[in-house]
Protein chains: 2
Amino acid sequence: MSETYVGIDVGGTNVKIGLFDSELEQICKTSITTNADMGPDIVIDNMAKTVEKLVAQAGLSLENITAVGIGTPGPAKYSEGIIIKSTNMPKFKNVPICKMLNEKLGAPVVFDNDANVACWGEYAVGAGKGVKDIVFFTLGTGIGGGIVSNGELVHGCDENAAELGHMIIYPDGRRCNCGQRGCVEAYASADSTARRATEALEAGAESSLKKVLDEKGRITSKDIYKHLAAGDKLAKEITDGTAKALAITCINMLHTTEPERIVFAGGMIAAGDILLNAIRGFFDEQIWKMKKESVEICFATLGEDAGIIGAAALARHARQQGNL
Amino acid sequence: MSETYVGIDVGGTNVKIGLFDSELEQICKTSITTNADMGPDIVIDNMAKTVEKLVAQAGLSLENITAVGIGTPGPAKYSEGIIIKSTNMPKFKNVPICKMLNEKLGAPVVFDNDANVACWGEYAVGAGKGVKDIVFFTLGTGIGGGIVSNGELVHGCDENAAELGHMIIYPDGRRCNCGQRGCVEAYASADSTARRATEALEAGAESSLKKVLDEKGRITSKDIYKHLAAGDKLAKEITDGTAKALAITCINMLHTTEPERIVFAGGMIAAGDILLNAIRGFFDEQIWKMKKESVEICFATLGEDAGIIGAAALARHARQQGNL
């Protein structure tokens, strides 16, 4: 019998849902508005109905679904299938999402946090394919993380492992949103990169970015990488700070779980080779000389679909491991 | 049939060998001089003969050995059972130690690096017993590490994971023996702690340690903790630097593999509660406030026998997992 996996990526604004075959090739996908303010019963019912429509569209029925994977931001008790609470979905409190979906769809449901799900997607069919050990970073508002060690996601004792944005690399350094000082996230997320540039401009630094700040009232990491490409000196200084912080974090992960590949994802990788080469440059400069390291530092390849592919891939993995 | 495990801890000076039952209770143990300059054939033959004597002493024969575990410093291809080279045993080059021991003893042999073996010992029957996720540090000349994640040692893609002493916590900071700058080992190993104090004294710092340095020509971390207990201000400053560096590293590991316990071993833990409480204090001060962390930071309990117990425990684990 052929296998069909459903991947669901739940965000505060949209829910993306995809149908995949046993090779994780996409059969079809769709996106619906989350309507989080309608509360968990309606939101989850909408998800289930959308899955049913997708399945019908593929000429299948619910009985054909092998397993369902779902990813959401935390905090949640993933192994128990329960969303504890959600910043983007305030009405979601202690919601047994796996049980609710299972009752509606009939298929077993696996659940993990959005960064782990995207990490697993890259591991299964994206930039991490073919190796057993990867580390994954998303560079967005904050910095999310995921670790695959010896072919399994690292979850930790309380399902909060791989909060890699909160590794401290500059003790007593910049204050992070988490309350710590000196987290890599406080230097190298897209938001922190923009913030460091803004602070420098406000302190009087000369830069072609000044005009952008004056006109738009704010600058983004995208602006900074654009001005870097045009040769702006402040943009170089700021983006070097970003790349160096990320390189130090890569070195620390190499000495921790020793990945074969380190994969960067998230909005800021739109900066392209200029970012990737800077990270690699600082990595080569800062890494030990005890032995030659051959870890590959690269960008994610699945883009926006990492969430649905990863969720489906997790469902397939759980099935293959006999955990469903 | 009852099980009997052999644990072998190979050092440059001595080889320790222990015999353990299925509960890892010690049956008997001994220690022989390594005589590394006699070369691998004789050294390994001596090990095998010593195992045979121990077994006889316990009223058993070689046929009763269920499996053998062995730990050595790297670099080695552990999964292939080969010592590539050894700083303390220069004649050991590309030595297939597992195969050689297996031919002499008849039992299957498992092999890992000394820090992983000690980590596994603490995990199996020591300070890490009863949980599935621990991180382990040895504080000696350098800082060694081990990680158990979800009940398995983390080996990494090239069997060099958990080089935790080389996590960079002060970028562009003190030069480490490994060639990097700012490694935790460059601040918080026993040797680095002594070195920082020596440098401060040489730069003119006032301290009761000055007399020790003048009289002995050198100071050790033991001297520093002794003078700390007596209220010396420089000793406080130096040991605070050590504890803070270790605390930052604990925080970084919490955000990486999320251990339930963090276990410190090695010569410097002789400093006792004054060290442990300082690490805990800096940890509490520097950790995020997003959620309450309940990781236990504690000292190893197996002492000098961690190597033989850990090696025997690894052999038992490999057997239980069906890997032998």
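The sections below set out a description of the structure shown in this document. Keep in mind that this is a model prediction, so the values were computed, not measured. (Residues numbered from 1 in each chain as written. Chains lettered and ligands numbered in written order. Predicted model: local features only at pLDDT ≥ 70, side-chain atom pairs only at ≥ 80, totals over all residues. Heavy atoms only, no water.)

**A look at the relation of the copies chain B and chain A**
Copies of the same chain, two in number, are related to each other by a rotation about an axis and a translation along it.
(1) Moving on: Its rotation angle being 180°, the transformation that places chain B on chain A also includes 0.0 Å of axial translation and leaves an RMSD of 0.1 Å. Interpreted geometrically, this transformation is the action of a two-fold axis. Of every C-alpha in chain B, the one belonging to Ile169(B) sits nearest the axis of rotation, 2.6 Å from it.
(2) Moving on: Here 100% of the contact residues of chain B are again contact residues in chain A; the copies associate through an equivalent surface. (Least-squares fit on C-alpha atoms with pLDDT ≥ 70 in both. Contact = heavy atoms within 4.5 Å.)

**Notes on helix 2 (residues 97-105) of chain A**
All names here are of chain A.
(1) Moving on: For helix 2, the set of buried residues is Ile 97, Cys 98, Met 100, Leu 101 and Leu 105. Relative to the axis of helix 2, the buried residues are bounded by an arc of 165° and lie together on one face. Exposed residues lying more than 90 degrees from the buried face of helix 2 are Lys 99 and Glu 103.
(2) Moving on: Contacts made by the buried residues of helix 2 are with strand 1 (4-10), helix 1 (40-57), strand 4 (67-72), strand 6 (82-83) and strand 7 (109-113).
(3) Moving on: Positive backbone phi, approximately 85°, marks Gly 106, located one or two places after helix 2. (Buried < 20%, exposed > 50% of the residue type's maximum accessible area, 1.4 Å probe, protein only. Helix = DSSP H or I, 4+ residues; strand = E, 2+ residues; numbered from the N terminus. Arc of directions from axis to C-beta.)

**Brief notes about the nonpolar core**
(1) Moving on: Residues Phe137(A), Phe264(A), Ile279(A), Phe283(A), Phe264(B), Ile279(B) and Phe283(B) are the most contacted members of the largest nonpolar core, which totals 116 residues.
(2) Moving on: In contact with Phe283(A), other than residues within four places in its own chain, are Ala247(A), Cys250(A), Ile251(A), Leu254(A), Val295(A) and Ile297(A). (Core = buried A, V, L, I, M, F, W, Y, C linked by side-chain atoms within 4.5 Å.)

**Points about the state of the cysteines**
(1) Moving on: Scanning the entire structure with this criterion turns up 0 disulfides over all chains.
(2) Moving on: Cysteine Cys98(A) is unpaired, with the sulfur of Cys119(A) as its nearest cysteine sulfur at 19 Å. (Disulfide = S-S within 2.5 Å.)

**A look at the sheet that holds strand 3 (residues 26-33) of chain A**
Residues and elements named next belong to chain A.
(1) Moving on: Pairing in this open sheet of 5 strands is mixed, and the strands run 3-2-1-4-7 from one edge to the other. Both outer strands of the open sheet, strand 3 and strand 7, are each paired with one neighbouring strand and no more. Adjacent strand axes in the sheet meet at a mean angle of 15° when their direction is disregarded.
(2) Moving on: Relative to strand 4, strand 1 runs parallel, the two being bridged by 5 bridges. Note on strand 4: the bridge partner recorded for Tyr 5 is Ala 67. (Pairing = 2+ DSSP bridges. Axes fitted to C-alpha atoms, helices over the stretch in contact; angles between N-to-C directions.)

Without other data, these values stay purely geometric and don't point to any function.
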